[in-house]
Structure formats: structure tokens, C-alpha cells
Amino acid sequence: MKLQVCGGCNAKISASSLKATLDILEVFKRKEVLEGFAKNDDAAIIKLSDDIAVALTCDFFPPMVDDPFAFGEIAAANALSDIYAMGGEPVAALNLVCFPEEEDRSILEEILKGGAAKLKEAQCSLVGGHSIHDPRIKYGLCVMGILNPQKIYSNNSSRVGDKLILTKPLGVSLLSSARTVGECEDKYFKGAVESMRTLNKYACEILKKYKVNAMTDVTGFGLIGHLSEMVSDTAVIYSNNLKILPGAKEAAEEFLFTAGGQRNRKSYADLVDFEIQDFALEEVLFDPQTSGGLLASIAEDGEKALEELKAAGIPAAIVGEIIPPQDKKIIVR
């Protein structure tokens, strides 16, 4: 019982195409809506009172692994991540299901079991959902969370002097691409699956103890794309500090690129000054991440936060910092 691998966050519409489409929409904004999609934040924020706001998000995609249960876990972890990226606590979720009418129902059952297992781990209640017949399997969730409206982590409020902490290694789509053509060893792909199925809950709980100026999760637009949304000044990425899943850079060196990575390069390349001569590493930085890590811009005690994350078994790293504005929004050294 295996799934056809064809998606994950690699299936996202390119950032430039999406922006052009959204820009034509006429949107009515209620006074309770503190954040919508205008700033590309990870979740919408609706204020209910001075102390409580709701965070609302949804995410779904085709499978990026062939195991239905693991696919359900990864899709749920990915959808929940947007709530954590805003500093919220997930409360309730709705399943979103597209499934072929003629397909074996036991596959769907395993997908939903995987999603339910991650929701239980997150202490988030599954409260319903919606399903339709579709030629290709797709799964995800709409998630609602709660947070204090005075303590929202926006994705675009980093400041000069901040340290940039990334809580998961990069390279999952490169490994998935290599896997589809039989060029990825099982041990490397298992590492990618384990990373994708890991909740950002635990990293969020630790990061909330520190002065976080901005936070997002690294998903379909890659580290470069999501970092570009975070920065109004300039961000420096220290390439030697990056954690990369074993086998991912090697896949890039073998030109096993992803379509999503090439869309990201087209959308964001003009924002980046690569001071390195390493095309494979560039591909890692543009690589779409499915259920990637949190990227936090921390004002102080970045090293202390890193040590606490590492002590909890989280493979975090300080991957860069925010500096005064330069010619480019991002510099890779």
C-alpha cells in the first residue's frame, strides 16, 4: 500500500505568480482582523478580546512520501506549523481531503490516522473536515489556534542586530526528488521523513522564552524566500553554519533539482548576493521545505536560546544575523 509521490510544498504556486494573482483581489477587512494575507504572514489573526486572538490557517498538498500514515503525519505537522510560527497554541483542526473514488479506502484511513496522531501529540482537537473525489490524493488541514494579541510573532519585523535561528536542517525536497529517480539511499530519506514529521511545537515552546522580534516557518519558498519576507534591512547567511540533511547537497551536485526550487530561484535570485561559489548550496537555499523548521529573529540571548534548543534534542543553528541595509536583501557568505 504505497502512495504516488508527487508533491509536498514543492507543489506550491510560485511566489511571483501568487502575488500577481492576490494583488487583483478586492478584500473587505473587518476591524477584528489584525493580520490577513497582505504581509504574507503565516496565519490570519482575529482579535476576540484584549487578551485573546484566534490564529487561522490552512495547508494541504499531494504526497511527498509513499507511506500513507507518514504522509498524514507530515501534512498535519506542516499545517500546525503556521500556528507555532505566530507564537500560538493550536486548538482545533478540520481535515481537508481529496481522494480518488476508485482508490483503496484503507489508504485514506492510514492518511487520516497519521494526521490524527500528530494532532493528538499537539493536543489539538480534530473537529471535522471536508472531502471530495479527485484524481490525485491530497491531504491537509485547516487549523485554528489561540494567542495573546499583544504577543504575536510577525514574519516581517526583524531588527538590526538580531540573530537568526533555524530549528530544522534543509534539503527535504532535494532528497524527495532524488528518491523518485532511485538516487537517494534509504537512510538519507528516512532522515528527511523524520524531520518532516517532527512538530515545531517543542522549538516554539523554547523560543517563546526569549525576545523574538520575528518568526516564520521555512516551507515552500525555501530559506531564501521566507527569509526575504522577514527582512526589511539585510540578512547575512553564514553558509558554514547551515545544517543540511545528509545526501541533500549531494543530490544538488548531481543536478537532481526540484521544480519548486527553480521557481524559487526565479522569484528570489535578484534579492541575493552569493559571495560563495557553490551552486549546489544555492540549490539547498532555494529548496522548498515541506514541514520545515522555525526561523526566528532573536534580539538577545541567541546563543542561550540555541543551547536550550540543542539540549532538548532540536537540531537548531544560528544561521545568520540582521545587519544594516546593503545593496541586496540577503547576503550568503
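Residues numbered from 1 in each chain as written. Predicted model: local features only at pLDDT ≥ 70, side-chain atom pairs only at ≥ 80, totals over all residues. Heavy atoms only, no water.

Section: the sheet that holds strand β11 (residues 294-298)
Quick note on the threshold: Any two strands with at least two DSSP-identified bridges between them are counted as paired. Helix and strand assignments follow DSSP, with helices taken as H or I runs no shorter than four residues and strands as E runs no shorter than two, numbered in order from the N terminus. Only the stretch in contact is used when fitting a helix axis, every axis being a line fitted to C-alpha atoms; angles between N-to-C directions are given from 0 to 180 degrees.
Spatially, 7 strands are ordered β8-β11-β7-β12-β9-β13-β10 in an open sheet, and the strand pairing comes out mixed. Pairing within the sheet leaves two strands with one partner each, and these edge strands are β8 (212-217) and β10 (272-274). Going from strand to strand, the sheet's axes swing by 20° on average, the running direction of each strand aside. As judged from the 4 bridges shared by strand β7 (residues 163-166) and strand β12 (residues 317-323), these two strands associate in the antiparallel manner. Looking at β12, one finds that L164 is bridged to G320.

Focus: the environment of V212
Cut-off, in case you're wondering: Each residue gets one of three labels from its accessible area relative to the maximum for its type: buried under 20%, exposed over 50%, partly exposed in between, using a 1.4 Å probe on protein chains only. Two residues qualify as a contact provided that any one of their heavy atoms is within 4.5 Å of a heavy atom in the partner residue.
Structurally, V212 can be placed in strand β8. On the basis of relative accessible area, V212 is assigned to the buried category, the value being 11%. Along the sequence, V212 and I152 sit 60 residues apart, while their C-alpha atoms lie 9.9 Å from each other. When neighbours within four sequence positions are excluded, V212 is seen to be in contact with Y153, L207, S297 and I298.

With respect to the packing of aromatic side chains
Put simply, the test is: Ring pairs are drawn from Phe, Tyr and Trp, using the six-membered ring of Trp, whenever the two centres fall within 6.5 Å, and their geometry is named by plane angle: stacked under 30 degrees, edge-to-face over 60, tilted for the rest.
All chains considered together, the criterion is met by 6 aromatic pairs. Between the aromatic rings of F71 and Y139, the centroid separation amounts to 6.3 Å while the plane-to-plane angle is 75°, which identifies the pairing as edge-to-face. Note that F71 is positioned in helix α2 (residues 68-85) and Y139 in strand β6 (residues 138-147), a separation of 68 residues in sequence. Under the relative-accessibility criterion, F71 is labelled buried at 0%.

A closer look at the domain arrangement of the protein chain
For clarity, the cut-off: A domain assignment, automatic or from a database, supplies the domain bounds used here. A side-chain nitrogen of Lys or Arg and a carboxyl oxygen of Asp or Glu constitute a salt bridge if their distance falls within 4 Å. Polar contact is the term for a pair of N or O atoms within 3.5 Å; when the atoms are in protein, one must be able to donate a hydrogen and the other to accept it, and sequence-neighboring residues count only if both atoms are side-chain atoms. Classification convention: Asp, Glu, Lys, Arg as charged; Ala, Val, Leu, Ile, Met, Phe, Trp, Tyr, Cys, Pro as nonpolar; all other residues, Gly among them, as polar.
As assigned here, the protein chain comprises domain 1 (8-147) and domain 2 (162-332). Across the contact, 30 residues belong to domain 1 and 34 residues belong to domain 2. Close ionic contact of R197 with E73 constitutes a salt bridge, the shortest N to O distance being 2.8 Å. Summed over the shared surface of domain 1 and domain 2, the result is 8 residue pairs in polar contact (both at pLDDT 80 or more). Elements with a minimum of two residues in the side of domain 1 that touches domain 2: α1 (15-22), α2 and α3 (105-121). It is α2 that provides the largest number of residues to the side of domain 1 that touches domain 2, a total of 10 residues. Taken together, the residues that form the side of domain 1 that touches domain 2 break down as 15 nonpolar, 9 polar and 6 charged.

Brief notes about the UniProt feature "domain: PurM-like C-terminal" (unreviewed entry) in the protein chain
Rules: UniProt positions are given in the numbering used here, feature names are shortened, and annotations may be inferred rather than shown by experiment.
This chain's UniProt record puts "domain: PurM-like C-terminal" (unreviewed entry) on residues 159-332. The span residues 159-332 is 41% helical and 18% strand by assignment, and the distance between its end C-alpha atoms comes to 18 Å.

Looking at the pairing of strand β3 (residues 53-61)
As paired elements, strand β2 (residues 44-47) and β3 share 4 bridges and run antiparallel to each other. Residue pairing in the sheet places K47 in a bridge with A53 of β3. If you look at the hairpin formed by β2 and β3, you'll find 5 residues sitting between the two strands. Looking at chain direction, β3 and β6 are connected through 9 bridges and run antiparallel. For D59, the partnering residue across the bridge sits in β6 and is L141.

Remarks on the pattern of salt bridges
A side chain of one charge can pair with a side chain of the opposite charge when the charged atoms of the two come close. Within this structure, the stated rule accounts for 18 salt bridges. Across the pair E32 and K31 runs a salt bridge whose closest N-O atoms are separated by 3.4 Å. Judged by its relative accessible area of 21%, E32 falls in the partly exposed class. By relative accessible area, which is 73% here, K31 ends up exposed.

Some remarks on the packing of α2 against helix α5 (residues 186-197)
Defined as follows: To sort the angles, those under 35 degrees are grouped as roughly parallel, those over 145 as roughly antiparallel, those from 65 to 115 as roughly perpendicular, and the leftovers as oblique.
The geometry of α2 relative to α5 is characterised by a closest axis approach of 8 Å and an angle of 45° between their N-to-C directions. In this view, α2 runs oblique relative to α5, as classed from their interaxial angle. Along the contact surface, α2 presents A70, E73, I74 and A77, while α5 presents V193, M196 and R197. Residues belonging to the contact of α2 with α5 are distributed by class as follows: 5 nonpolar, no polar and 2 charged.

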